[in-house]
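So the chains spell out like this:
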Amino acid sequence: MSTRRNRASRAPPGAPKASVRGTDCRTRAPPRAARGSAGGGPSRTFGVEQDTRQTRANGQDFLGAMAPAPPRFRGLSGAPRIPRLQFSGSHVTDGIAKDRLEKLHALRAAGQDPFPARVPRGRPVDQVLAELPTRMGETATVAGRLGQVRDFGKLRFAHLQDRTGTIQIGFQRERLAAFWPDRKLLEGNDLVSVTGELGTTQKGEPTLWATEVVLAGKALRHAPEKWHGLQDTEQRYRMRYVDLFANPEVRASFSKRSAIVREVRAYFDSLGYLEVETPILQPIFGGASARPFRTHHNALDMGLFLRIAPELYLKRLIVGGMERVYEIGRVFRNEGVSTRHNPEFTMLESYEAWADYRDVMARVEGLFAHLVAKILGGDGKVRFREREYDLMPPFQKARYLDLFAQQNPGVDWFDHASCLRRAKDLGLATDGIEPAKLANDVFEATVEDTLQGPVFVHDYPVAISPLAKRLVEDPRVTERFELFVAGMELGNAFSELNDPIDQQQRFEEQVAHKLANEHDDETPGEVDVDYVTALEFGMPPAGGLGIGIDRLCMLLTGSQSIRDVVLFPLLRRVDPAAAAGDGSTPAP
RNA sequence: GGGGGCGUAGCUCAGCCGGUAGAGCAGCGGCCUUUUAAGCCGUAGGUCGCAGGUUCGAUCCCUGCCGCCCUCACCA
């Protein structure tokens, strides 16, 4: 950096601030294949100067239309020394590339706006690529992020990426005489708008031969390594924005998630379900067994919980006669994190009046048939954790107690003594665990791993199904099923309890249980009287369903961890001072 | 919370038995008019996660802490 001393001619102080792609330029520009920028914004063109009149771009001199001559800048050589930017103490400056900062200063010094409000935005890259073979030689504009720039003599190549794809940009001195001396102010990872001529290279790669380059946004940080992308899992999650542009497969996964959610909606919409939104801030939490997050409303001076499930509100809507409702929304559970658990996750819940759990089972199969058709393209096969699964319905069905008996011969689920023996044989914790819970622990320890599925496990014992109706033929069990795939619980459904007296009793038992167990923070401390009141007005028999959208997305995208389908998974906060490495981490 | 692993340049990674650190990419200065993980020559870049300890000497050994990953537990 010591040799950059030669003084380049810069614009005199009184010169116009910058070149403007104004009307005079525009009127003489060749017809664009693409629609130009939004209405004559003051986006600036690189290094336009008087001698561009000699520039031939596709036989036309449209750059030459620029007048008056804007300030000229010559890379870093002409830029004054500008003190390094000062960031506030909390800003992590580690990743800022000094050379990029200097280029930014050079651009500013030359009157160029490194962050213009608008530039010619052009058209989606995939469209341009599709039309290219039949429109060779025509002009097109694209906008996006530059990949690595490859210098080759008086040529430069780089790929430009937008949300639809990637196209190669070719920079030729002959077509870009004005831009050429300043080409190094533009570098990989910068955001640009490029207008050029459609063509190919000698090897036939579709290429946009640039005739005009406009910086749309300067990148002050280097892109991750081109070949490996961003690998470090922690950085991928903390800096998802980098992960997304550096790793195409990540972008693809989240596009797929979007499509999955869209198709889930489409499926329920097509059946006449109403999509609704119910409270996330709830004075009493319920509808599942989980520890809640607590919060507080200041104006009302009221303690609130973030919902652990929308269930009780959705069933109020069934009472209200909406009959078919669903909600796709975030729920919050104050529990551990793992590859399958994020403290906030997205749940689908649906309720349908005049339906029972058999009907709901059919809905689930219908949903999967729809997703197979729309997401997997008709083939229901999906690879997940080294195995292949066939998601094409119908699915296997198996009774809970039958599965239990198969894996635990001679053990009676309802007999505590025999379950206790079995649990001890399996090495499970048994102290202070209630009989029903213990029996279910035995089930989970012996059966769940075998549920590669997809399989509906149905008719769960009453004791572990507090919100479901009993089966008439066998009152020990309920009209409830869960859907398992890859040993993972994907969905839970039952014929909803609509007896207000029974419901009131079950709530009271819960509260009593909580009072007896001071460590029980999963149970609300009071009965949801309003919900019982709703049931007292009469709720039709109804089938309800809950599906973990994140896990569904894991399955359909083949993701190992829930964090690969959640854009911004919860991570422990890194102290800014510690991250900056100044050793001033405050004491806890 | 328990167990295991990891943390080195902006990124991807080496670093042996303890002797104050290397490569590739990105960057910077050059050469090259059809490159595409371009190539070649040159150059710059580091609080080795943080803090202690052992040692003449610590990226390396020990302890504690921070963060992430895997796993178990809780849960969907």
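Structure shown above.
Everything in this summary refers to the structure shown in the same document. (Residues numbered from 1 in each chain as written. Chains lettered and ligands numbered in written order. Predicted model: local features only at pLDDT ≥ 70, side-chain atom pairs only at ≥ 80, totals over all residues. Heavy atoms only, no water.)

**Description of the protein's contact with RNA strand B**
Reasoning step 1: Lining the immediate surroundings of RNA strand B are 57 residues, of which Lys 103, Gln 148, Glu 174, His 341 and Arg 572 lie closest.
Reasoning step 2: Near the protein, meaning within 4 Å, the atoms of RNA strand B are sugar or phosphate in a fraction of 61%, with bases accounting for the rest.
Reasoning step 3: Arg 563 places a polar side-chain atom, nitrogen or oxygen, 3.0 Å from a phosphate oxygen of RNA strand B.
Reasoning step 4: Separating a phosphate oxygen of RNA strand B from a backbone N or O atom of Arg 572 is a distance of 2.6 Å.
Reasoning step 5: Residue assignment for the surface near RNA strand B shows that the elements contributing at least two residues are helix H2 (98-109), strand E1 (139-152), strand E2 (155-162), strand E3 (165-172) and helix H4 (233-238).
Reasoning step 6: In terms of residue count, the dominant contributor to the surface near RNA strand B is H4 (five residues).
Reasoning step 7: Tallied by class, the residues present in the surface near RNA strand B amount to 10 nonpolar, 20 polar and 27 charged. (Near = heavy atom within 4 Å. Polar contact = N/O pair within 3.5 Å; in protein donor to acceptor, adjacent residues only side chain to side chain. Helix = DSSP H or I, 4+ residues; strand = E, 2+ residues; numbered from the N terminus. Nonpolar A, V, L, I, M, F, W, Y, C, P; charged D, E, K, R; others polar.)

**Let's talk about a nonpolar patch on the surface**
Reasoning step 1: Side chains of Tyr 241, Leu 567 and Phe 568 sit close together on the surface and give an oily, nonpolar patch of about 340 Å² of accessible area.
Reasoning step 2: By secondary structure assignment, the location of Phe 568 is in the loop between helix H14 (549-557) and helix H15 (576-580). (Patch = residues over 30% accessible without salt bridge, like charges linked within 9 Å, V, L, I, M, F, W, Y side chains within 5 Å. Areas by Shrake-Rupley, 256 points an atom, 1.4 Å probe, with all protein chains shown as cover. Salt bridge = Lys/Arg side-chain N within 4 Å of Asp/Glu carboxyl O.)

**A word on the sheet that holds strand E10 (residues 324-332)**
Two pairing modes exist for strands in a sheet, parallel and antiparallel, and in both the strands are linked by backbone hydrogen bonds.
Reasoning step 1: Here eight strands make up an open sheet; going across it, the order is E6-E10-E11-E18-E17-E16-E15-E14 and the pairing mixed. Lying at the two open borders of the sheet, with one neighbouring strand each, are strand E6 (274-275) and strand E14 (396-399).
Reasoning step 2: Of the pairings in the sheet, the one linking strand E11 (residues 344-353) to strand E18 (residues 542-548) comprises seven bridges and is antiparallel in character. By the bridge assignment, Tyr 351 is partnered in E18 with Gly 544.
Reasoning step 3: Lying over the sheet, helix H6 (residues 248-270) contacts E6, E10, E11 and E18, oriented at roughly 150° with respect to E10.
Reasoning step 4: Against the sheet, helix H8 (residues 357-374) engages E10, E11, E14, strand E15 (455-458), strand E16 (480-485), strand E17 (488-495) and E18, with an angle of about 25° to E16. (Pairing = 2+ DSSP bridges. Contact = heavy atoms within 4.5 Å. Axes fitted to C-alpha atoms, helices over the stretch in contact; angles between N-to-C directions.)

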